[in-house]
Amino acid sequence: MEDSDDEWVMVKPILDKDLWNPSSSSSSSSSNETEKKALKVIFNGEAKHWTDALPIGNGRLGAMVWGGVATETINLNDDTLWTGVPGDYTNPDAPTALSEVRKLVDDGKYPEATTAAVKLSGDPSDVYQLLGDINLEFSDDLAAYDDKTYQRELDLDTSTVKVKYSIGEVEFTREHFASYPDQVIVSKISGSKSGSLSFTVFLDSKLHHHSYVNEQNQIIMEGSCPGKRKPPTLFAKNDENPEGIKFSAILDLQINGDKSIISVLDEKKLKVEGCDSVVLLLVASSSFESPFTNPKDSKRDPVSESLNTLESLKNFSYSELYARHVDDYQKLFHRVSIELSSSNNEQNVATSERVKSFKTDEDPSLIELLFQFGRYLLISCSRPGTQPANLQGIWNNKVEPPWDGAPHLNINLQMNYWPSLSCNLHECQEPLFDYISSLSVNGSKTAKVNYGANGWVTHQVSDIWAKTSPDRGEAVWALWPMGGAWLCAHLWEHYTYTMNKEFLEKKAYPLLEGCTSFLLDWLIEGKEGYLETNPSTSPEHMFIAPNGKPASVSYSTTMDMSIIKEVFIAIVSASEVLGKEKSDLIQRVLKAQPRLYPTKIARDGSILEWAQDFEDPEVHHRHVSHLYGLFPGHTITVEKTPDLCKAADYTLVKRGEEGPGWSTTWKAALWAWLHNSEHAYRMVKHLFDLVDPDHESDYEGGLYSNLFTAHPPFQIDANFGFCASIAEMLVQSTMKDLYLLPALPRDKWSKGSVKGLKARGNVTVSISWKEGDLHEFGLWLSNNNKLEGFKNQNSTKRVHYGGSTIMAKMTFGKVYTFDKKLRCIKTTSLF
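Residues numbered from 1 in each chain as written. Predicted model: local features only at pLDDT ≥ 70, side-chain atom pairs only at ≥ 80, totals over all residues. Heavy atoms only, no water.

Colleague: Account for the overall build of the protein, with residues named and values stated.
Modeller: When you go through the protein residue by residue, the secondary structure sums to 19 helices and 30 strands. The C-alpha radius of gyration of the protein comes to 27 Å, within 12% of the 28 Å expected for a compact globule of 831 residues. For the protein, the spread of C-alpha atoms along the principal axes amounts to about 85 × 75 × 50 Å. Evaluated residue by residue, the protein yields a buried proportion of 64% over its 831 residues. If you take every contact in the protein between residues at least 6 apart in sequence, the share linking residues at least 24 apart comes to 68%. Of the accessible surface of the protein, which amounts to about 30,200 Å², a share of 46% is contributed by carbon and sulfur atoms. (Helix = DSSP H or I, 4+ residues; strand = E, 2+ residues; numbered from the N terminus. Rg over C-alpha atoms; globule rule 2.2 N^0.38 Å. Buried < 20%, exposed > 50% of the residue type's maximum accessible area, 1.4 Å probe, protein only. Contact = heavy atoms within 4.5 Å. Areas by Shrake-Rupley, 256 points an atom, 1.4 Å probe, with all protein chains shown as cover.)

Written as structure tokens, this is what we have:
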């Protein structure tokens, strides 16, 4: 074997959680080097803007740490706090309006159809809210504060925010983390000199609330969200608040120090004096039960639940809570490591300065950091049992957040979960599937009443109540009944990566059946003999009708048809796995598939966005919906549809590089699937633009100083899209094929490795490369106790690299190591 002294593939034992520290002492990415290469978001001063604060979260509870010296603010979020109550997402007048719109489309009166389609719109979504703040006021002599000693950092390796600074000879430290196993936000504040720590602490909220200190010296805050969507700002603290979701937050203090004193101020604040250290435990709960339960009928008591959570923590020390948190987090985070550079000389440089300089130095270690930051955020805002990640994950400091903080189903919610599979975090997808189940319940009513269709449907925007009706307003965004269908593609993808047949049978297939039933009923026969969608829009994009007027409503947009093709392929494939291929539904799908409107190429050589070659008034539009079939879909591929790939290439060139963060990262993934490393990297680089929060409207895309991605304002989807696009540049797969380094920018990342990425078929992939060329790679089937007979699992993959292809046969329990000539040079037992 060549370069045996630089062997790197882990050989014993290999488990997903062990990927971070290779066992080989001669590894080119040894544990010592990994430890040196800290994954940290660093600030040299306290936060001035919310997007300077550092996020922590346990899926349900989130916090933003500002790191102030004189006063500290920790913003708090609970993922169940929304305005409103369950709604009626049907419109009995819709069938009449639908007939009118369809006739106008059939007559080619697209502007008139666009106007009439407003009659199909519904109500807006409800609004994601905030929980409140922990406020700390310190009584130290701040005149002696030495700003050169200040450090604030988010350590991605431990999911911990740390703050340090000195006043005189005393060093003060703070540590903050959000524990998933114990459902608590923990902060430890300490001074290096005995008795040096004193401060006042209280809870506050912009929502209707009251707070008080109980007999155990715990601060209890109780409140409620507005029961009506808007305008929540009209509800002053003493006004009668409509009955919405109730909440509580309780702050418990554990004080250490022989001379420490605690006292109550104003009945709602606690003052501690002369402490060595204080541990703050923040727990919270709400009355939200399900999307179908009105909060006034809820049997949950938020205060009692919060007190019970605190009771369950009383026997754990701070060290034990921290250890439990880190162990739980690292089992997920440590599954994947990435190294695109050999060293990191930026450990003490503020991350914002690194973002600023990226345009010139193109530091690969910053790519590594942003990739892992995205994985960190997904772990922190989407865990089994929580709500799905919304437009801002879980982090929000506004009563009226941008776009209501609501999940948007025409790209944003889906992009939030792109990295969950390829980046080895499949458990983080569970909240999405629970949410799809809720959407299917309400969506069946919307389908029946609005459209006279079977199955279930949902549109462009939703909320915690699983809203499935169209949004309020213009058809260009509101009329888009493909949201549920796109989500259903995630169900099949989850199976292809995990091979969990139980999930496919019990969770995915019933939802796919309902979605497919709707799509079959929604399709109608068009003039050309194709099955068409009418009305149809391409998300948020207008066209110029033949009469010269703007319109958005026509028929069979490429986005519609691409998603329907994807769902039909998925359910047929799933039926074959489950032995249901002879069912009536599948037979209907098989008859419909060849009649679906095909993807066409426009006169200028681009992919046609609408069924007709309409004039595009905004060629640089942010959405690239008509390229769904390339990614995340699978109907446009380099090998099988070269003409469409050529057209997709031109489409991306025509669309241009400008756009919000999510658009930038989608384009990066699309270029990767065209195997165009140069353009994929250009889009990656394009995201590294430091946004000034005071002038964010001057930017398109970019990064805030805490590495949140910008639309602007902040939307979390691009953080996740970035992860996925990097993964797709390095590894791509189908159920049969595996492509290694398909879009590696060899001149930028000439040497590196990635360990633990996932490929379809439950295959884990690790790759190293040198001088821009493949060096070694390892493949193995992951240990998955949810798989029936997983110990007898085997798989065969066609592995592609540099024009060469091999057949790789794998059996569970073994690691297969290959050299750069795709020869298997070693087989090692997992155990």
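There is more to say after this.
Colleague: Tell me about the pairing of strand β11 (residues 208-213), and please be specific about residues and values.
Modeller: A one-sided burial pattern is seen for β11, the buried positions being His209, Ser211 and Val213 and the unburied ones His208, His210 and Tyr212. With six bridges connecting them, β11 and strand β12 (residues 219-224) associate as antiparallel partners. Bridged to histidine 210 within β12 is glutamate 222. Following β11, the chain reverses through five residues before pairing antiparallel with β12; asparagine 217 in that reversal takes a positive phi of roughly 55°. (Pairing = 2+ DSSP bridges.)

Colleague: So what about the sheet that holds strand β26 (residues 773-781)? Which residues, and what values?
Modeller: Reading across from one edge, β17-β24-β25-β26-β29-β30 is the order of the six strands in this open sheet, with antiparallel pairing throughout. Edge strands, defined here as strands with exactly one partner in the open sheet, are β17 (337-339) and β30 (824-829). Averaged over neighbouring strand pairs, the angle between their axes works out to 20° when direction is ignored. Bridge analysis of strand β25 (residues 763-770) against β26 gives eight bridges, and the strand direction is antiparallel. (Axes fitted to C-alpha atoms, helices over the stretch in contact; angles between N-to-C directions.)

Colleague: Give me the lowdown on the environment of valine 186, citing residues and values where you can.
Modeller: Tracing the sequence through the fold places valine 186 in strand β9 (residues 184-191). In this structure, valine 186 is in contact with Glu175, His176, Phe177, Val279, Leu280, Leu281, Tyr318 and Leu321, ignoring residues within four places of it in sequence.

Colleague: So what's going on with unusual backbone geometry? Which residues, and what values?
Modeller: That bond from phenylalanine 631 to proline 632 is cis: its omega, 10°, falls within 30 degrees of zero. Note that proline 632 resides in the loop between α15 (584-592) and α16 (642-655). Following proline 712, the chain continues to proline 713 via a peptide bond in cis, the omega torsion being 5°. Positive phi is not limited to glycine here, since asparagine 217 has a value of about 55°. Tracing the sequence through the fold places asparagine 217 in the loop between β11 and β12. For leucine 822, which is not glycine, the phi torsion reads 65° and is therefore positive.

Colleague: Could you give me a rundown of the nonpolar core, with the residues and numbers involved?
Modeller: If you look at the biggest cluster of nonpolar residues, it comprises 237 residues, and the most contacted ones within it are Phe373, Trp666, Ile726, Leu730, Ile767 and Leu779. Sequence-distant contacts of tryptophan 666, defined by excluding residues within four places in its chain, comprise Ile411, Met415, Trp418, Trp486, Val624, Ser625, Tyr628, Phe631 and Pro632. (Core = buried A, V, L, I, M, F, W, Y, C linked by side-chain atoms within 4.5 Å.)

Colleague: Please give an account of the layout of surface pockets that cites residues and values.
Modeller: Estimated volume of the largest pocket: approximately 950 Å³. Taken together, 42 residues make up the lining of the largest pocket; nearest its centre are Glu566, His634, Thr734, Met735 and Arg760. When contributions to the lining of the largest pocket are tallied by element, the ones reaching two or more residues are α9 (419-422), α12 (483-498), α14 (558-578), α19 (717-730) and β23 (737-740). A total of seven residues in the lining of the largest pocket trace back to one element, the largest contributor, which is α12. (1 Å grid on protein atoms, 1.4 Å probe; cavity = no way out; pocket = protein on both sides within 12 Å on 5 of 7 lines; lining within 4 Å. Points joined across faces, edges and corners; volume = space filled by probe spheres on them.)

Colleague: Please provide a residue-by-residue account of the pairing of strand β10 (residues 197-204), values included.
Modeller: Two faces, one strand: in a regular strand the side chains alternate between the faces of the sheet. Among the eight residues that make up β10, seven are buried, leaving the element largely enclosed by the rest of the structure. Both strand β5 (residues 132-138) and β10 contribute to a ladder of six bridges, which runs antiparallel. Each bridged residue has a counterpart across the sheet, and for leucine 136 the counterpart in β10 is valine 201. Direction of pairing for β10 relative to strand β15 (residues 269-275): antiparallel, over a ladder of four bridges. Residue valine 201 lies in a different strand from β15, and its bridge partner there is leucine 270.

Colleague: Any chance you could break down the packing of aromatic side chains for me, citing the residues and the numbers?
Modeller: On inspection of all chains with the given rule, the structure shows 39 aromatic pairs. Seen from their ring centres, phenylalanine 433 and phenylalanine 503 are 5.0 Å apart, and the 50° between their planes marks the pair as tilted. Linking phenylalanine 433 in helix α10 (residues 430-451) with phenylalanine 503 in helix α13 (residues 501-522), this pair joins segments that are 70 residues apart in sequence. On the basis of relative accessible area, phenylalanine 503 is assigned to the buried category, the value being 12%. (Phe/Tyr/Trp six-rings, centres within 6.5 Å; stacked < 30°, edge-to-face > 60°.)

Colleague: Before we move on, could you go through the confidence of the model for the protein and cite the residues and values that matter?
Modeller: Looking at the protein as a whole, the pLDDT averages 92, with 92% of positions reaching at least 70. Contacts for the low-pLDDT stretch residues 1-35, under 50 throughout, to residues beyond four places or in other chains number 89 contacts. Taken together, the stretch residues 232-238 has pLDDT below 50 and engages in 16 contacts with residues farther than four places along the chain or on a different chain. (pLDDT = per-residue confidence, 0-100.)

Colleague: Account for the packing of α16 against helix α17 (residues 661-673), with residues named and values stated.
Modeller: Two numbers describe how α16 lies on α17: the axes approach to 10 Å, and their chain directions differ by 150°. Accordingly, the angle class assigned to the pair α16 and α17 is roughly antiparallel. Here α16 and α17 pass one another in a crossing that is left-handed. For the pair α16 and α17, the contacting residues are Asp649, Leu652, Val653 and Arg655 in the first and Lys667, Leu670 and Trp671 in the second. Grouping the constituent residues of the contact of α16 with α17 by class yields four nonpolar, no polar and three charged. (Parallel < 35°, antiparallel > 145°, perpendicular 65-115°, else oblique. Left-handed = near helix turned anticlockwise from the far one by under 90°. Nonpolar A, V, L, I, M, F, W, Y, C, P; charged D, E, K, R; others polar.)

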